[in-house]
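Spelled out, the chains give:
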Amino acid sequence: MRYLARRLGLLLLTGWAALTVNFVLPRLMPGDPIQVMFARFQGRLNPAAANALKIAFGLKTNQSIFAQYFTYLGHTLTGRLGFSLTYFPEKVTTLIGQALPWTLGLVGFATVVAFIVGTAMGALAAWHRGSALDSIMVPTGVMLSAMPVFWIGLLVLYVFAFKLGWFPVGGGATGGQGLASVSGFGAIISHAALPAITLTAVSLGGYIILMRNTTITVLNDDFVKFARAKGLPDRVVASRYAARNAILPNFTSFALALGFVVAGAIFIEYVFDYPGIAYLLYQAVTSLDYPLMQGIFLVIVLGVLIANFLADLLYVLLDPRIRVEARS
Amino acid sequence: MNKASRSLALLASGATVALGLAVAPVTSASASSIRYGGVLKYVSSWTTIPDNFNPLNPAGTGGTAGGTGSLLYEPLIYENVYTGKATDLLATGYKWSNGNKTLTLTTRTGVKWSDGQPFSAADVAFTFNYVKKYPALDVNGFWKSALASVTATGPNTVVFQFRSPQTSLFPQIVGQEIVPQHVWSKVSNPVTFANPHPVGTGPFLLESYSNTQVSYVKNPHYWMPGRPYLAGVTMQAVKSNATAQLLVMNGAASFTYDAITDPGRSFVAHNKAFNHYWWPVTNLNLLYLNNGAAPFNDAFFRKALAMTINVNAVAVRAYFGAIPAASGALRASVTPGQVHDWVPTSVSSLGWQYNPSGAVKLLESHGYKLSGGSLQAPDGKPLPTFNILVGAGWSDFISMAQTIGQELLPLGIHTTVEQEPYSTYASSANYGRYSMMISWGNNANVTPYYMYYYLFHPNNSAPIGKFASTNWERYTSPAVTSALNAYARTTNLAIQKSAMATIEKEVLQNVPVIPLTGRPNFLDYSTRSFVGWPGPSNPYNSGDPGDGFGGGGEMTYLNVHLK
């Protein structure tokens, strides 16, 4: 229980710190959003509009910085993230709500597949180390994980979408963007295929190599030798004894990756014109849409924190040593 | 920078107070030969179209639904920034009286809102007073200016009273889009109101909206006889300018708004019969010199720089010949459409000519010395290396800065190109933290007054280190200020012309900024299915984006028709 309480406390503390940083950072940036907006309009916005914009965006405030901070905390905790400056009067929550499902679907799916397939392949490679399978899988994994993701993305896009025309060139779906219809669902799958394959291919290598290396270490441990000496079948030794112990580091990196699922994959979403949250973040940053940026950072930070918290909880189930510590 | 320039709607349209010639929208074909019907598709790299049909929206970033609100709501008069000509929309005439402190507008009769209610002068008065009630909607600063009251004195008459004469506000006033009183008087928070069921007087009605596509159908009861020709208009948002350009080239869309790099080769050449672009110059790119600090505080020094910079080379390097250099009369910081009416020939030949060796002599006559490839100030110290400030990644400005840097070398002036993101770029300009900077003119309009006002009027100025909204180069002069004030008070065209000529002379002699190239609208279109586009022979608008409001976008949709 103390373990749990400590983790929960840490979650709250880091959450508060992240919120505070999120409040301070935009205020340290040079220039004010109104002037940025004038720069973006490149001489077409009547300079007389400055006053109206300040009032509309809630920038004309007499509050002290501390009062602003507490207002911000209150608003954030009640889910009021304000209005996007780029898409005014669209609410930040609406924009994030539109983009997040795309990213969760695409990046979440790719991360889970990469973890499961990569872990299995790594364990297999370790068990049959030196075999043809091992000597193909490992260099391929290293190569894939070393290649820049946007480069693979462009390559895949060029070959499969542009040259062969098997998949659409970009976007989330054509026509009605809903899961409501069968054709709509099909469109979503065909649009997601290439970015999902690219993402999976790139993150697969890391899992393969990490899993293979830890498994090899574990295989030399006495308890594995003992299990073999007992005459247990290879299948049982490989899965219940070796893999289960070797999976912990892989699991850690999976948990981290899962946290970043909400952050999306900026290069992938950009290359494939994917309407996800990373693309939204890219737009917010290029147009200095502070409220939108803050909202997205908040979602990302919370995603990472919560994923880590859940991973901590799962460790208790996976690792008996932590279970013992947690009970004390 | 293209990303930003394509989507921005003209917030304030232009007008000349005295040149308010009302012309009917002209078409190239006679009415009998025009084919009705067809859905015109405009494609733009908006990415996401805001779900907002509020024409009073203060966040001018396209205001209503990516700017297409100009199909639904109309201003009083559309004024063409390129030609200086006006087209009457909801107003049919106006008169200044009472020493230019009273403006009386006559509104159009027989106009109906799309819900069937009649439009009247009361709606106009309501819109202006509504903007007064909610200062966040007052993007033109009407009620911070000399405007005192707006009242409807009859069904077709609305009277604007000013505390002091301010005729220069006319373009903003007639550019205000008008909303129906019977709908908006019931709206409780108009600043964030998304107006999902728009009721307007415009030529089209909202048909459907999604965040990537918005469609309009013809308004069968539109007041202008025989218009629009089109059965509908669709605006599609895509994620990049390249995609938009591809869609126009393959016929999936008919026009877009984008500064295509080398458009002759990368767009027109793909299909010379269909692909066209019209980029009419409505503003200028200027080299701002920081007049507040040495050595740029000396007029002869600024003039020597101007004599050394070959603006033709700058324009070709930056725009591949698609946009003209700011040479000839344009050196006075005016746009090409203004030269004929506003720049007397006696003035346009004043000032400097391109003459690098003359520039060296000019500097030497003031004690400067060119030694070892570096320019020495009269006190014998070599000049430092100067920054030329541009926005980060703005390829056209970067090319210009590099070209200028090379051309200033023979003068012994060394420069580096400094790229800053929007935020720091804007504040460096506002606070005067730069030596040289490439940027645009602010709020350029039908007469030279508007760009001059924002460039040179003390209202927009402040010393270095203090916030100056648009007087970035920190040049002011009593002669220019009094000419600006004289222009703003009168409706007398002769007085206005002589005031502008005064400023032109000052500008050509003192070189507060160096005009580099034109700055156009970027209309790229295909004549595969639709014709009737604006162009040099038929400039019924200034090549506005299809998502431009203030009437410019609407003019395209009123004139384009099936082939």
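Turning our attention to the overall build of chain B. What chain B contains, in helices and strands, is 17 helices and 22 strands. In terms of overall size, chain B behaves like a compact globule, its C-alpha atoms giving a radius of gyration of 24 Å where 563 residues would be expected to give roughly 24 Å. Projected onto its principal axes, the C-alpha positions of chain B cover 80 × 60 × 40 Å. Considering chain B as a whole, with its 563 residues, one finds that 62% of them fall into the buried category. Put simply, 73% of the contacts in chain B that link residues at least 6 apart link residues at least 24 apart.

Further remarks concern the overall build of chain A. If you tally the helices and strands in chain A, you get 14 helices and zero strands. Reading the secondary structure of chain A in the N-to-C direction produces α-α-α-α-α-α-α-α-α-α-α-α-α-α. With the principal axes as the frame, chain A shows a C-alpha extent of 85 × 60 × 40 Å. Taken over 328 residues, chain A has a buried fraction of 48%. Summarising the internal contacts of chain A: among those between residues at least 6 apart in sequence, 72% fall at separations of at least 24. Accessible area of chain A: about 16200 Å², with a carbon and sulfur share of 72%. Within chain A, the 12 negative side-chain charges are centred at a point lying 4 Å from the centre of the 22 positive side-chain charges.

Below, the discussion takes up the pattern of salt bridges. Residues and elements named next belong to chain A. One pass over the structure, following the stated rule, counts three salt bridges over all chains. A salt bridge links Asp312 to Arg7, with the nearest nitrogen and oxygen atoms 3.0 Å apart. Of this pair, Asp312 sits in helix 13 (residues 290-318) while Arg7 sits in helix 1 (residues 2-28), and the two are 305 residues apart along the sequence. Overall, the relative accessible area of 24% leaves Arg7 in the partly exposed class.

With that settled, the discussion passes to the domain arrangement of chain B. What the domain assignment lists for chain B is domain 1 (3-30 + 56-197) and domain 2 (282-519). Between the C-alpha centres of domain 1 of chain B and domain 2 of chain B there is a distance of 33 Å.

Residue and element names in this part refer to chain B. The linkage connecting Arg227 with the following residue, Pro228, adopts the cis geometry, with an omega of -10 degrees. Note that Pro228 resides in the loop between strand 9 (213-218) and strand 10 (232-237). In this chain, Ala294 is followed by Pro295 through a cis amide linkage whose omega measures -5 degrees. Following the sequence through the fold, Pro295 ends up in the loop between strand 13 (281-289) and helix 7 (299-308). With phi around 50 degrees, Val511 is a residue other than glycine that occupies positive phi space. By secondary structure assignment, the location of Val511 is in the loop between helix 16 (493-510) and strand 19 (513-520). Relative accessible area serves as the criterion here: at 0%, Val511 is assigned to the buried category.

Residue and element names in this part refer to chain B. An order of 17-16-18-13-19 is seen for the five strands of this open sheet, with the pairing classed as mixed. Each of the sheet's edge strands pairs with one partner strand only, and the pair in question is strand 17 (415-420) and strand 19. Averaged over all adjacent pairs, the angle separating strand axes in this sheet is 25 degrees, with direction ignored. Pairing of strand 13 with strand 18 (residues 436-440), which is carried by five bridges, proceeds in the antiparallel orientation. Within strand 18, the position partnered with Leu286 by the bridge is Ser439.

Before going further, it helps to examine the packing of helix 10 (residues 234-259) of chain A against helix 13 of chain A. Residue and element names in this part refer to chain A. For the pair helix 10 and helix 13, interaxial distance at closest approach is 7 Å and the crossing angle is 160 degrees. Overall, the two elements helix 10 and helix 13 adopt an arrangement that is roughly antiparallel. Regarding helix 10 and helix 13, the two cross each other, and that crossing is right-handed. Contacts between helix 10 and helix 13 pair Arg244, Leu248, Phe251, Thr252, Ala255, Leu256, Leu258 and Gly259 from the former with Ile300, Gly303, Val304, Ala307, Asn308, Ala311, Leu314, Tyr315, Leu317 and Leu318 from the latter. A per-class count over the contact of helix 10 with helix 13 returns 13 nonpolar, four polar and one charged.

It is worth spelling out the pairing of strand 10 of chain B at this point. Residue and element names in this part refer to chain B. Burial of strand 10 is extensive: six of the six residues sit out of reach of the surface. Burial along strand 10 is two-sided: Gly232, Thr234 and Gln236 and Val233, Met235 and Ala237, pointing in opposite directions, are all buried. Both strand 1 (residues 39-44) and strand 10 contribute to a ladder of six bridges, which runs parallel. Note that in strand 10 the partner of Val39 across the bridge is Gly232. As paired elements, strand 9 and strand 10 share five bridges and run antiparallel to each other. Across the sheet, Gln213 pairs through a bridge with Gln236, a residue of strand 10.

About the cut-offs
- Sequence order sets the numbering: in each chain, residues are counted from 1 along the sequence as written.
- The lettering of chains begins at A and the numbering of ligands begins at 1, in the order of writing.
- The model is predicted, so local features are restricted to residues of pLDDT at least 70 and side-chain atom pairs to those at 80 or more, both for listing and for counting; the totals for chains, interfaces and linings are taken over all residues.
- The basis for every side-chain value is the complete set of non-hydrogen atoms in the structure, without hydrogens or water.
- We count a stretch as a helix when DSSP gives it H or I for four or more residues in a row; a strand needs E for two or more, and each element gets its number in order from the N terminus.
- Only C-alpha atoms enter the radius of gyration; for comparison, a globular chain is expected to reach 2.2 Å times N to the power 0.38, where N is the number of residues.
- Exposure is judged per residue with a 1.4 Å probe applied to protein chains only, and the accessible area is read against the type maximum: over 50% gives exposed, under 20% gives buried, and values in between give partly exposed.
- Contacts were defined at the residue level, with two residues in contact if any of their heavy atoms lie within 4.5 Å.
- Values of accessible area rely on a 1.4 Å probe in the Shrake-Rupley scheme; residue burial ignores everything except the protein chains shown.
- The positive count covers Lys and Arg only, the negative count covers Asp and Glu only, and His and the chain ends enter neither.
- A charge is said to be at NZ when it belongs to Lys, at CZ for Arg, at CG for Asp and at CD for Glu.
- Definition used for salt bridges: Asp or Glu carboxyl oxygen within 4 Å of a side-chain nitrogen of Lys or Arg.
- Domain start and stop points were drawn from an automatic or database domain assignment.
- At least two bridges found by DSSP between two strands is the condition for calling them paired.
- Lines fitted to C-alpha atoms define the axes here, with helix axes fitted over just the stretch in contact, and angles between the N-to-C directions of these axes take values from 0 to 180 degrees.
- When describing relative orientation, an angle under 35 degrees is termed roughly parallel and one over 145 degrees roughly antiparallel, while 65 to 115 degrees is termed roughly perpendicular and anything else oblique.
- Helix crossings fall into two classes, left-handed where the near helix is turned counterclockwise from the far one by less than a right angle and right-handed where it is turned clockwise.
- Side-chain classes are defined by residue name, with Ala, Val, Leu, Ile, Met, Phe, Trp, Tyr, Cys and Pro counting as nonpolar, Asp, Glu, Lys and Arg as charged, and the others, Gly among them, as polar.

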